[in-house]
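Descriptive analysis of the structure
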Amino acid sequence: MFFRRKPEPGVLASFVHLDDAASAIRGLQARGIRDLTVYTAAPNHEIEEILDEPVSWVRLFTLVGGLVGVTSGFAVTIWTSLDWPLLVGGKPIAAIPPYVVIAFELTILYGALSTVAGMFFLSLKKSLRNRPYHPSFTDDRIGVFAPCPPDQTQSVKDLFLQAGSEEVTVHAS
Amino acid sequence: MTAVAHDPHRPTQTHAEVTRDVLETLKTPSRGYYLALFGAIGAFLVGLITFVLLLKDGLGLAGYKPPVMWNVYITTFVFWIGIGHAGTLISAILFLFRSPWRTVVYRSTEAMTVFAVMTAALFPIIHIGRQWVFYWLLPYPNQRFLWPNFKSPLLWDVFAITTYFTVSTTFLIVGLIPDVAAVRDKLSGWRKTIYKMLSVGWTGANSQWRHYSRGYLYLAALATPLVLSVHSVVSWDFAMSVVPGWHGTIFAPYFVAGAIYSGIGMVLTLLIPLRKALKLEHMLTDYHFDNLGKLTLLTGSILFYAYAMEYFIAWYSANPFEQTTFWRRAFGPLWWAGWTMIICNAGVSQLLWFKKIRTNLTAMFLISIFINLGMWFERFVIISSSLSNDYLPYAWANARVSWADWGILLGSFGWFLMFFLLFARTFPVVAIQEVKEMIPYPRRRGSGGGTGGGH
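Residues numbered from 1 in each chain as written. Chains lettered and ligands numbered in written order. Predicted model: local features only at pLDDT ≥ 70, side-chain atom pairs only at ≥ 80, totals over all residues.

1. A few points about the overall build of chain A
Secondary structure assignment for chain A yields five helices and four strands. Moving toward the C terminus, one meets the helices and strands of chain A in the order β-α-β-α-α-α-β-α-β. Structurally, chain A occupies a C-alpha span of about 85 × 35 × 30 Å along its principal axes. Within chain A, the fraction of its 173 residues that count as buried is 41%. In chain A, the share of contacts with a sequence separation of at least 24, taken over all contacts with a separation of at least 6, comes to 83%. (Helix = DSSP H or I, 4+ residues; strand = E, 2+ residues; numbered from the N terminus. Buried ≥ 20, exposed ≤ 12 C-beta atoms within 10 Å, placed from the backbone. Contact = placed C-beta atoms within 7 Å.)

2. Considerations on the confidence of the model for chain A
Per-residue pLDDT for chain A has a mean of 91; in total, 97% of the residues score no lower than 70. Mean pLDDT values for the elements of chain A range from 91 in strand β4 (residues 167-171) of chain A up to 95 in helix α3 (residues 58-83) of chain A. (pLDDT = per-residue confidence, 0-100.)

3. Description of the interface of chain B and chain A
Across the contact, 53 residues belong to chain B and 55 residues belong to chain A. Sorting the residues of the side of chain B that touches chain A by element identifies α1 (15-24), α5 (153-184), α7 (206-239) and α15 (432-438) of chain B as the ones contributing at least two each. Looking at which element gives the most residues to the side of chain B that touches chain A, the answer is α7 of chain B, with 17 residues.

4. Some words on the environment of Phe354 of chain B
Inspection of the secondary structure puts Phe354 of chain B in the loop between α11 (335-347) and α12 (355-358). Along the sequence, Phe354 of chain B and Ile250 of chain B sit 104 residues apart, while their C-alpha atoms lie 29 Å from each other.

5. Comments concerning helix α9 (residues 286-316) of chain B
Residues and elements named next belong to chain B. The end-to-end C-alpha separation of α9 is 44 Å, in line with the 45 Å expected for 31 residues at 1.5 Å each. Within α9, the full set of buried residues consists of Phe289, Leu292, Gly293, Leu295, Thr296, Leu297, Thr299, Gly300, Leu303, Ala306, Glu310 and Ala314. Here the buried face of α9 lies against α8 (251-277), α10 (320-331), α11, α12 and α13 (361-388). Immediately downstream of α9, the backbone of Ala318 shows phi near 60°, a positive value. (Expected span 1.5 Å × (residues − 1).)

6. Structural notes on the pairing of strand β1 (residues 10-15) of chain A
Working note: regular strand, side chains alternate between the two faces of the sheet. Residues and elements named next belong to chain A. Of all the six residues making up β1, five are buried; the element is thus mostly covered by neighbouring parts of the structure. Inspection of the sheet shows β1 paired to strand β3 (residues 142-147) by six bridges, in the antiparallel sense. Looking at the pairing, Phe15 lines up with Ile142 of β3. Taken together, the five bridges between β1 and β4 define a ladder with antiparallel strand orientation. For Ala13, the partnering residue across the bridge sits in β4 and is Val168. (Pairing = 2+ DSSP bridges.)

7. Quick look at the domain arrangement of chain A
One can read the domain layout of chain A as domain 1 (10-54 + 128-171) and domain 2 (58-124). Just the C-alpha atoms count here: the centres of domain 1 of chain A and domain 2 of chain A sit 44 Å apart. (Domains from an automatic or database assignment.)

8. A short note on the confidence of the model for chain B
Residues and elements named next belong to chain B. Confidence in the prediction for chain B averages 90 pLDDT; 95% of positions are at 70 or higher. Confidence drops under pLDDT 50 across residues 1-5; counting only partners more than four residues distant or on other chains, this segment forms zero contacts. Across residues 448-455 the pLDDT falls below 50, and counting only partners more than four positions away or on other chains, this stretch makes 19 contacts in the model. Across the whole predicted complex the pTM is 0.92, and at the interface the ipTM reaches 0.93.

9. Brief notes about α11 of chain B
Among the residues making up α11 of chain B, those that are buried are Gly338, Met341, Ile342, Cys344 and Asn345 of chain B. Buried residues in α11 of chain B make contact with α8, α9, α10 and α13 of chain B.

10. Examining the packing of α3 of chain A against helix α4 (residues 96-127) of chain A
All names here are of chain A. Two elements in contact, α3 and α4, have axes separated by 6 Å at closest approach and are oriented at 150°. Between α3 and α4, the interaxial angle falls into the category roughly antiparallel. The crossing of α3 and α4 is right-handed. (Axes fitted to C-alpha atoms, helices over the stretch in contact; angles between N-to-C directions. Parallel < 35°, antiparallel > 145°, perpendicular 65-115°, else oblique. Left-handed = near helix turned anticlockwise from the far one by under 90°.)

11. Focus on the sheet that holds β1 of chain A
In a beta sheet, neighbouring strands are held together by backbone hydrogen bonds and run either parallel or antiparallel to one another. Residue and element names in this part refer to chain A. Here we have four strands laid out as an open sheet, ordered β2-β3-β1-β4, and antiparallel in their pairing. Single-partner strands in this sheet number two, and they are β2 (37-39) and β4. Direction aside, neighbouring strands of the sheet carry axes that sit 15° apart on average. Strand direction decides the pairing type here: β2 and β3, joined by three bridges, are antiparallel. Looking at β3, one finds that Val38 is bridged to Val144.

Pasting the structure below:
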């Protein structure tokens, strides 16, 4: 794609066994290589624990979306009632209980849409790095990509092979 | 108790087998599929032609006559909205409860939700008479700077259904992304190009899962109160009025339980043939149908209670209008519809106390047909009987149901099935990613089970 960056140099390894991949990740972390990309077909708690990443900020998008929804829901209903006041049966012109329904629905609507926007926005930066990938990672293999300068590629490759990787490829820039 | 040989929660396949089996469902369809698809398109065309005639001649064609100005179209609207609820229950509420059996069935039920809401959303437009000004419902000021009445339950409904459709479609699409990527990686040629675009750059990297898993959780958390609110709002279309038979505080939970009950009925009607057609017998097992049966039993029993409570309240209130309405539901001109509703919903659901019935797919399919029938009649009875017997006996008149009602009803089934069948052949009907989450990755050392998997 036109906004893709040039491929990042590093070593990509493919694993069949989870414990092999886990030990390779730990080995890389021990060497100070931290900005790893681990590909799995489904989220895996063991890998999440080893990578120890902070909780996603998607929750902030959900919260802001929800707050915008509830505010706009009450604002539009109250303002439109006051904009053309029609007194019916001595009832209040701006009645809160019926407007709760509109405010609730808009809370959910905006909350959900901003959650999805947040998911895309937060994933975008790292997804555009153009790191190597293999189609088997959405099937049954675990992929680990370690970014490293050319002088370290051999030692990283050896680490992957020792951990039990079935296939290791070196990617130069 | 002896140890269970195989944990029924956990699929028996490997990760690669899951991808392969689900991909099989996307290959060249059978002749039966095309027959069903063309049947659905034919039914939809009948509805479309009827709609064109309604546009030309007006709603008199559908037998609209005072006092019954809401009839089959509003009945069918509530029916289809209700169908959608089981999908969201299974995909969102059971996701929050970490219920393992939902994994295999939730994709198809979620698709069912989206298509059912798409179908339901047509009905208010068909019903309003001057269909070409439907946008007056939206909150924008007209040339006199008048706004819609936000105190009206009908406008709440516009917001509830628009939100429900948007959120459930979003939820379906978000859930599909990793699966579309899995399909993309197994295809070649033009199909790969299409799936590549649809997968929006998904690779399954940890940086993507991190935000995806959280976002999906919050979407489920938002969809859960939404689904409960939508049918509550639909029930308030009736309950906010002072029409006998409608003005009840029980309406919101009664409608929500009924909606889920009817939805599961439709899930069974769709899944039992689909399982055979797509050769998914090893994935969709007795275990799943047993659980769907239990859910049907629970919601059917809540309905049973609600029916009993409606009659009890009518008697206990000592309100002659309420009592007359309920007497006429059982023994008046619509007695046949009243009893169809009670037998198909309160009665038939009680058969599901027996495991032998819950795991017998022929019996479950037949029960699901009764549920669909019973739930359509429930809405028909509520709407038609209450409107035809208002406070003024001299104005009483029975509803007339015309061919234009049946034409649109048939068309709605065609429209719904057409989308569902097209979906089933285009996208994975079983959630590849979530099934794989239940299967641990193999381990070189140790037992190979447990910690690597999902929840």
